[in-house]
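Topology and contacts: notes
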Amino acid sequence: MVYLDGAFVDASDARVSVADRGFLFADGVYEVVRVYDGRMVFLEEHLERLRRGLSELTIDWDGAGGLETIARRLLAENGLERSDATLYVQVTRGAPRRRSHTFPEGVRPTVYAAAQAYPRHAAERYRDGVGALLVDDQRWKRRDIKSIALLPNVLANQRAHENGAFEALFVEGGCLLEGSHSNLFAVEDGVAITHPTTTEILPGITRAVVLGLAADVGVEVREEPIPADRLGAFSELFLTGTTTEVMPVTRVDGAPVGDGRPGPVARALQAAYLAHAGVREEDAGRTSAA
C-alpha cells in the first residue's frame with residue numbers, strides 16, 4: 001500500500017499523470033526517513049528539511065505536519081510496525097494542463113509516500129569498512145536542496161557499483177565534497193573534517209546528528225573543505241546517511257585509507273549514533289542487507 005494525493009491505494013493501482021512536472025522536469029523534492037523496529041527516527045528534522053526544499057523551489061504545500069499520521073498508517077498497512085524500514089516521501093509541483101517551462105498557477109502538488117522493509121547493512125561493512133570511488137562532480141549547483149533530479153548521483157553510484165565500491169565520492173575544484181547518497185568525513189590527527197554547510201553539499205540529517213554527538217565522544221570536528229590531494233594523509237574516512245548510519249571507508253580507488261581498517265573515530269561515532277537513535281546493541285550487530 002502507498003499513499004498518493006490523499007488516498008491509500010495498492011501500489012499497482014497508483015497512477016501519476018504524464019503531465020506531472022516531477023515526471024517532465026524533475027520538479028520536486030523528497031525525503032527518506034529511517035525506521036528501526038517500527039520506530040521513525042529524526043522525523044521532525046526530515047520534515048523541516050522537506051519544508052525548506054519546498055520553499056526554495058516555491059512549491060506551495062503545507063501538508064508536512066500530517067505526514068507522521070500517514071507514515072504510521074503506511075507502516076501498519078504494510079506489516080512493518082516491528083520492522084526495520086524506510087519511509088519515502090516525494091512532493092512535486094503537480095500536473096498542469098499543458099507543459100510549460102514557467103510555473104503553473106492553481107495546480108495542486110502531487111504527494112506520494114511509501115514504506116518498505118529496509119534491513120541494516122551487513123555488520124561486516126561496519127566492522128571491515130567499505131570501498132569508495134572518486135568521480136568528477138557534474139551535479140547542479142544547489143546540492144543543498146534534496147531534489148528528485150538525481151541522475152548524476154545515480155550514474156556516479158552505478159559507476160561505483162560496477163567497480164566493486166560501496167559509494168562514489170564527488171570531487172570538484174580539488175576538494176572532496178560528499179558521496180552520491182551520503183555525506184563525507186575525513187580524519188587527520190584525530191580531528192574529523194567535513195565540508196562546510198553550503199549549497200555545495202546536502203545538509204544531511206545524520207551528518208547534523210553526528211556533528212552534535214562528536215563532543216560527547218571527545219572528537220573535535222572542523223567544517224572546512226577536504227583537499228583531495230590530502231587523501232594519503234587521512235587516517236580515516238567515513239560516510240554518514242539515513243540508511244548508511246556511520247560507515248567507515250577503508251579503500252578509495254583500491255588504495256587503503258590509513259592502515260586499511262576502520263578507525264577509532266568512526267567506531268566511536270557509529271556507537272554514539274546508534275545509541276542516540278535508540279537502536280539496541282543486539283540489533284546493531286546483526287547481519288542484514290548486503
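Reference entry: report on the structure contained in this document. Since the structure is predicted, the reported quantities are computational estimates derived from the model, not experimental observations.

**With respect to the side chain of Glu31**
Along the chain, Glu31 turns up in strand 3 (residues 28–36). Residue class for Glu31 comes out buried when judged on its relative accessible area of 3%. Reaching out from Glu31, the side chain makes a polar contact with the side chain of His46 at a distance of 2.8 Å. Within the structure, Glu31 has its side chain in polar contact with the side chain of Arg49 (distance 2.7 Å). Once residues within four sequence positions are removed from consideration, Glu31 is found in contact with His46, Arg49, Leu50, Leu87, Tyr88, Val89 and Lys146.

**Remarks on helix 7 (residues 264–277)**
For helix 7, which comprises 14 residues, the first-to-last C-alpha distance of 20 Å matches the rise-based estimate of 20 Å (1.5 Å per residue) to within 8%. When we look at burial in helix 7, the residues that qualify are Val265, Ala266, Leu269, Gln270, Ala272, Tyr273, Leu274 and Ala277. With its phi angle positive at about 75°, Gly278 sits one or two positions after the end of helix 7.

**Details of the pattern of salt bridges**
Taken as a whole, this structure holds 21 salt bridges when the rule is applied. The partner of Arg139 in a salt bridge is Glu178, and the shortest N-O contact between them spans 2.8 Å. Of this pair, Arg139 sits in the loop between strand 7 (130–136) and helix 5 (151–162) while Glu178 sits in strand 9 (residues 175–179), and the two are 39 residues apart along the sequence. This pair shows no difference in class: Arg139 is buried, exactly as Glu178 is. Here Arg230 and Glu188 are joined by a salt bridge, their closest N and O atoms 2.1 Å apart. You can see Arg230 sitting in the loop between strand 13 (226–227) and strand 14 (236–241) and its partner Glu188 sitting in strand 10 (residues 183–188), a full 42 residues away along the chain. Taken together, the salt bridges that share partners define one network made up of Asp137, Arg139, Lys141, Arg143, Glu172 and Glu178.

Rules used in this analysis
Residues numbered from 1 in each chain as written. Predicted model: local features only at pLDDT ≥ 70, side-chain atom pairs only at ≥ 80, totals over all residues. Heavy atoms only, no water. Helix = DSSP H or I, 4+ residues; strand = E, 2+ residues; numbered from the N terminus. Buried < 20%, exposed > 50% of the residue type's maximum accessible area, 1.4 Å probe, protein only. Polar contact = N/O pair within 3.5 Å; in protein donor to acceptor, adjacent residues only side chain to side chain. Contact = heavy atoms within 4.5 Å. Expected span 1.5 Å × (residues − 1). Salt bridge = Lys/Arg side-chain N within 4 Å of Asp/Glu carboxyl O.

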